[in-house]
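Remarks on the overall topology
Listed below are the residues making up each chain.
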Amino acid sequence: MSRPTARLGLAGVTPWGRRAYEYLAFFGLRAHQLPGTVLDCGAGPSSFTAEMTRAGVDVRAVDPCYRLSIPAMRRMLADAEHQIGEALATERDRFVWDFYGDVNGLLAARHQAAELFFRDYPQGRLTGRYLCGELPSLPFATSRFDLAFCSHLLFLYSQELDLEFHLSALSELTRVAAEVRVFPMISLDGTPSPHVEACRQFLERRNVRVAIEAVPFEFQRGADRVFRAWRTADSRQSRRDWAT
Ligand SMILES: C[S@@+](CC[C@H](N)C(=O)[O-])C[C@H]1O[C@@H](n2cnc3c(N)ncnc32)[C@H](O)[C@@H]1O
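These numbers were taken from a predicted model, which means no experiment stands behind them.

**So, the packing of aromatic side chains**
- Scanning all chains against the criterion turns up 27 aromatic pairs.
- Look at Tyr23 and Phe26: their rings are 6.0 Å apart centre to centre, the planes differ by 40°, and that puts the pair in the tilted class. You can see Tyr23 and its partner Phe26 sitting in helix α1 (residues 20-26), 3 residues apart, about one turn around the helix.
- By relative accessible area, Tyr23 is classed as buried at 2%.
- A relative accessible area of 0% means that Phe26 is categorised as buried.

**So, the site of the ligand**
- In the vicinity of the ligand there are 23 residues, among which Thr14, Tyr23, Gly42, Asp63 and Ser151 approach most closely.
- At a separation of 2.8 Å, a nitrogen atom of the ligand approaches a polar side-chain atom of Tyr23.
- Within the side chain of Ser151, one N or O atom sits 2.5 Å away from an oxygen atom of the ligand.
- When isolated, the ligand has an accessible area of 590 Å², and the protein chains bury 99% of it.
- Cavity membership is defined here by more than half of the atoms lying within 2 Å of grid points; on that basis the ligand lies in the largest pocket.
- Split by residue class, the shell around the ligand holds 12 nonpolar, 8 polar and 3 charged.

**Topic: the packing of helix α3 (residues 70-90) against helix α4 (residues 103-126)**
- Two elements in contact, α3 and α4, have axes whose closest approach is 11 Å; the angle formed by their N-to-C orientations is 170°. In terms of axis orientation, α3 runs roughly antiparallel to α4. Judged by residue contacts, Ile70, Met73, Arg74, Leu77, Glu81, Leu88 and Ala89 of α3 engage Val103, Leu106, Leu107, His111, Ala114, Glu115, Phe117, Phe118, Tyr121 and Pro122 from α4.
- A per-class count over the contact of α3 with α4 returns 13 nonpolar, 1 polar and 3 charged.

**Digging into the layout of surface pockets**
- In this structure, the largest pocket encloses a volume near 930 Å³.
- In terms of lining residues, the largest pocket is bounded by 50 residues, among which Thr14, Trp16, Leu156, Tyr157 and Leu188 are the most central.
- Per-element accounting of the lining of the largest pocket gives the leading share, 4 residues, to α3.
- Of the residues that constitute the lining of the largest pocket, the class distribution is 33 nonpolar, 11 polar and 6 charged.

The rules behind the values
Residues numbered from 1 in each chain as written. Predicted model: local features only at pLDDT ≥ 70, side-chain atom pairs only at ≥ 80, totals over all residues. Heavy atoms only, no water. Phe/Tyr/Trp six-rings, centres within 6.5 Å; stacked < 30°, edge-to-face > 60°. Helix = DSSP H or I, 4+ residues; strand = E, 2+ residues; numbered from the N terminus. Buried < 20%, exposed > 50% of the residue type's maximum accessible area, 1.4 Å probe, protein only. Near = heavy atom within 4 Å. Polar contact = N/O pair within 3.5 Å; in protein donor to acceptor, adjacent residues only side chain to side chain. Areas by Shrake-Rupley, 256 points an atom, 1.4 Å probe, with all protein chains shown as cover. 1 Å grid on protein atoms, 1.4 Å probe; cavity = no way out; pocket = protein on both sides within 12 Å on 5 of 7 lines; lining within 4 Å. Sits in = over half its atoms within 2 Å of the grid points. Nonpolar A, V, L, I, M, F, W, Y, C, P; charged D, E, K, R; others polar. Axes fitted to C-alpha atoms, helices over the stretch in contact; angles between N-to-C directions. Parallel < 35°, antiparallel > 145°, perpendicular 65-115°, else oblique. Contact = heavy atoms within 4.5 Å. Points joined across faces, edges and corners; volume = space filled by probe spheres on them.

Written out as structure tokens, the structure reads:
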């Protein structure tokens, strides 16, 4: 199985964060539709938890990068911005710019997310809203959440994270949350993730329902659908089989 966090940083999974309005667009939801308890898995420096907590939603964020100090996280973000900014400028045509306008608009959203995150993080870390943890084993009880989001980790890093990792990760997410949404469903190189179909079949064999739905957002060309998986009564009964 791939060891994702061994490559934490630009060489592997890039740690930069998005705003709550971006998450809602990725996942095809409006803020008032969020259920009681929400997990942001692989949250990194996203401001989703900060913004939604302020809006009264009970959110937890989990990410292995929370083991780092704040200065170390800031350094990682600055490195990410440098490299991604350059890549975006040279590969403009691989993206649809309607949502952000241009590279500056995109980077502005990233800066806002980071500042909202860093403002909320010290207190949120103390009170347990931000937890250090990583897939495929999360520090939460079974059925702890109504909904879990996984933004820009699974499927996107299909080359870095193998199928076995994806299956274990989705098993774990559907253990801790009644519904899981993953976005995007394409790999970093812009091709459809090779893991989607095997993940869908794996979950459905375990009585987890899967739907792939259009969302009103497209930045990487072709990344305009969300992967939804939710447990049924049967899947709750057959939970002990999931790890097999
Ligand atoms: C591209 S960032 C996305 C951050 C956030 N979800 C967003 O969309 O703004 C990917 C995040 O996944 C985290 N990550 C890497 N390996 C992970 C794992 N095994 N389990 C959970 N998160 C992981 C990284 O630390 C990083 O913060």
